[in-house]
Each structure stands twice: as C-alpha cells, then as structure tokens.
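Inside the fold
Below, each chain spelled out in residue letters.
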Number of protein chains: 4
Amino acid sequence: MADHLAGRIAHGELTANMPLPSERRLAEEYGVSLGTARHATRVLRVRGLVVTIRSKGTYIAPDAKAQAQEQLAGSNGASGHA
Amino acid sequence: MADHLAGRIAHGELTANMPLPSERRLAEEYGVSLGTARHATRVLRVRGLVVTIRSKGTYIAPDAKAQAQEQLAGSNGASGHA
Amino acid sequence: MADHLAGRIAHGELTANMPLPSERRLAEEYGVSLGTARHATRVLRVRGLVVTIRSKGTYIAPDAKAQAQEQLAGSNGASGHA
Amino acid sequence: MADHLAGRIAHGELTANMPLPSERRLAEEYGVSLGTARHATRVLRVRGLVVTIRSKGTYIAPDAKAQAQEQLAGSNGASGHA
DNA sequence: GTGGTCTAGACCACA
DNA sequence: GTGGTCTAGACCACA
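Now for a look at the structure at hand. (Residues numbered from 1 in each chain as written. Chains lettered and ligands numbered in written order. Predicted model: local features only at pLDDT ≥ 70, side-chain atom pairs only at ≥ 80, totals over all residues. Heavy atoms only, no water.)

Let's shift gears to the protein's contact with DNA strand E. Taken together, 34 residues are adjacent to DNA strand E, and S33 and T36 of chain A, R38 of chain B, R24 of chain C together with R38 of chain D come closest. Of all atoms in DNA strand E that approach within 4 Å of the protein, 62% are sugar or phosphate atoms. Between DNA strand E and the protein, one listed contact pairs a base oxygen with a side-chain N or O atom of R38 of chain C at 3.2 Å. Here a base oxygen of DNA strand E sits 3.2 Å away from a polar atom, N or O, in the side chain of S55 of chain C. (Near = heavy atom within 4 Å. Polar contact = N/O pair within 3.5 Å; in protein donor to acceptor, adjacent residues only side chain to side chain.)

It is worth spelling out the protein's contact with DNA strand F at this point. As a matter of local geometry, DNA strand F sits amid 34 residues, with R38 of chain A, R24 of chain B, R38 of chain C together with S33 and T36 of chain D nearest to it. Take the atoms of DNA strand F that sit within 4 Å of the protein: sugar and phosphate atoms are 62% of them. A distance of 3.5 Å is found between a phosphate oxygen of DNA strand F and a side-chain nitrogen or oxygen belonging to T58 of chain A. Within the side chain of K56 of chain B, one N or O atom sits 3.0 Å away from a phosphate oxygen of DNA strand F. At the level of elements, helix 2 (23–30), helix 3 (34–46) and strand 2 (57–60) of chain A, helix 3 (34–46) of chain B, strand 2 (57–60) of chain C together with helix 3 (34–46) of chain D are the ones that each hand at least two residues to the surface near DNA strand F. Each residue belonging to the surface near DNA strand F can be placed in one class, and the counts come to 2 nonpolar, 14 polar and 18 charged. (Helix = DSSP H or I, 4+ residues; strand = E, 2+ residues; numbered from the N terminus. Nonpolar A, V, L, I, M, F, W, Y, C, P; charged D, E, K, R; others polar.)

Take helix 3 (residues 34–46) of chain C next. Residues and elements named next belong to chain C. Under the 1.5 Å per step criterion, the end-to-end length of helix 3 is 18 Å for 13 residues, consistent within 8% with the ideal 18 Å. A37, A40, T41 and L44 are the residues of helix 3 that are buried. For helix 3, the buried positions fall inside an angular range of 90 degrees around the axis, keeping them on one side. Where helix 3 is buried, its residues meet helix 1 (2–11), helix 2 (23–30) and strand 1 (50–53). (Expected span 1.5 Å × (residues − 1). Buried < 20%, exposed > 50% of the residue type's maximum accessible area, 1.4 Å probe, protein only. Arc of directions from axis to C-beta. Contact = heavy atoms within 4.5 Å.)

Now the structure itself:
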C-alpha cells in the first residue's frame, strides 16, 4: 500500500504540499484496516515522502516526487550510480 | 445530549453493563461533532451513569437506572429537600 | 485430526458459516502443536469444508455438511464408482 | 513498558544474550495486548538493547546493560558529559 | 512456538 | 476531525 501511494507520488497524481486523504479515508479506499493504513503512512514518513502534523493531517513533502522516483528506481534492481 | 442519554437510561432502554454506542457512532446518530459526543459521555461519566474502559468502550454502570431517575427528578425544578 | 473435524461437520455439530475455533485453540483442545492444527485446517480447506479469511478466522463452508458426508462415505473402503 | 524493561536491563535482572520472554508472555505478564508488547520490543530493538531473530525469539544485546544505563541517565534530565 | 502482519474496532489529546 | 495509542484477537512464514 505504501508502494502504491509512492507510485502515485512519483507519477505526479499526488503533488507537493497536497494533503493525503486521512488515514480513515485511505483505509476505506484501499479496503484495509485502520492499522494497515497507519502503517503505510508511517512508511512514507520514514521515506521522507510525507510530513505528518498531528491533529492536522499528513501532507506530501515538497521534494516527494523526485525522491519517490529515485526510491522506486532503486527498488527495481538498479544501484543508482552504477 | 447527555440528558437525552440519561433519559434513555432512566427509562430502561439502555441497561446495566450494556455498551454505549461508540463516540463516533453517537456523533452520527445525534448528528453532532465528535467533540460534542465526547462531552456528553464525559458528563455521564462524572454523573456515575457510565464507566469508560480505554480502547474497549463505554458501558452503562450497574446502578445507572436508579441514579439516572434520581438525577432527572432532581433537575425537574425541585431543590432536593424543599 | 482433520477427519475428526470433518466428522463433526458431517454430524452437524459444526454448521455452515460458523467460525472454527482458532488454530491456537484447536491445538490446545486436541493437545497437539500449532503446526499440526494448521495442517488440519489446511486439509479441510483443500477439501472445501472450510474457508479461511486471513486475520479474521476460518469458517465452515456453506455446503460443508453434505460434502463432509460424501467424503467420509468415500473413505469408508468404497472406491467411488465401484 | 519499554522503559520498564530497559530498567530491568540496566539493573542487571535481564543480562546479555538472555532471551526475553516471548511477546505473548510479556503481554500476559504486563497485562497488555499483544500489539502493545510488540511495540515495546520494537522500541527496545531500535534502542539497540535487544536483538530479534525471527522465528527464534528476542535476546538481550551484548552491551545492553551499559547502553540502558546511559539512556536512562540521559532521560533523567542530565546531558551526559556535563 | 516464535515474531510478522493484519482485522476491526475503541477512546484520547489536540487543533 | 486528525493522528496516536490501545484492545483482543486472527492467520502466516519460518525454524
């Protein structure tokens, strides 16, 4: 689920400073439990793709698109500066 | 809203040890915000009509019916020992 | 163990859509290891007698009773179309 | 809960290479849910006080005692080399 | 028999 | 009305 969201960020569907749907909404959209949706936003936060402000929401990081593209490329087997 | 719930307890619709609907559900049923629903359950808690167990739920207190009837009588204009 | 459970299904003790005890519980009830209990539910699943929903539980299949009776009859020495 | 376990490590009750009770057992001993016990072991893992080997268990790290004492001192308001 | 991941919720602090 | 933490379980891969 985190990878799917990362893909939407890399693709440009979700852009800088845009609020992510709330974890409750994400859980409904993806048909998963709240805990799983929370795990996904935590993963994105650790990857630096989103920023969470408690009681406000979770937002796409300013440089998320480039980072997401880099991370997805990196997981496709390539080593980056090979 | 707290008084309305107290009335349902006094009337016997909500009985001892029964779980109260969740705060989210109460907010929906009464068409109010979460904060308002929380305020109502807090009032009931202070009155001793319900007991809250964190992460589990809120339950009608064992002696809630009698207490609710007493409290509602008290608030009907009489001053207690008039 | 799978056969014993299949017997309980054929007999009607365990009926359609009823949840099976959890694998941990089954292991305790039958006094076997978790692995053995898992093997049993897997066998029942392959036979179509139960349906497993991950993180939710294992449930008796809607047509489990008839299937279990058929399967047990088949395993009582007869070869099927003899 | 993680802090309480860290205290037991700092105190020397739980020593290097000793296996921590399983998460299920910890949950029972502390009277919390499995998820909370898991959170506690994850915190200890991040702090470097324990090492987890999947399917085997969780073990006190070789240098856990010193690290635990340092960390607890650090959270008591002191800055370390003041 | 362990840790890993997941379901389907709950109440809570805070804005 | 958000994210945070929690309950009380479930099945799963792996050793």
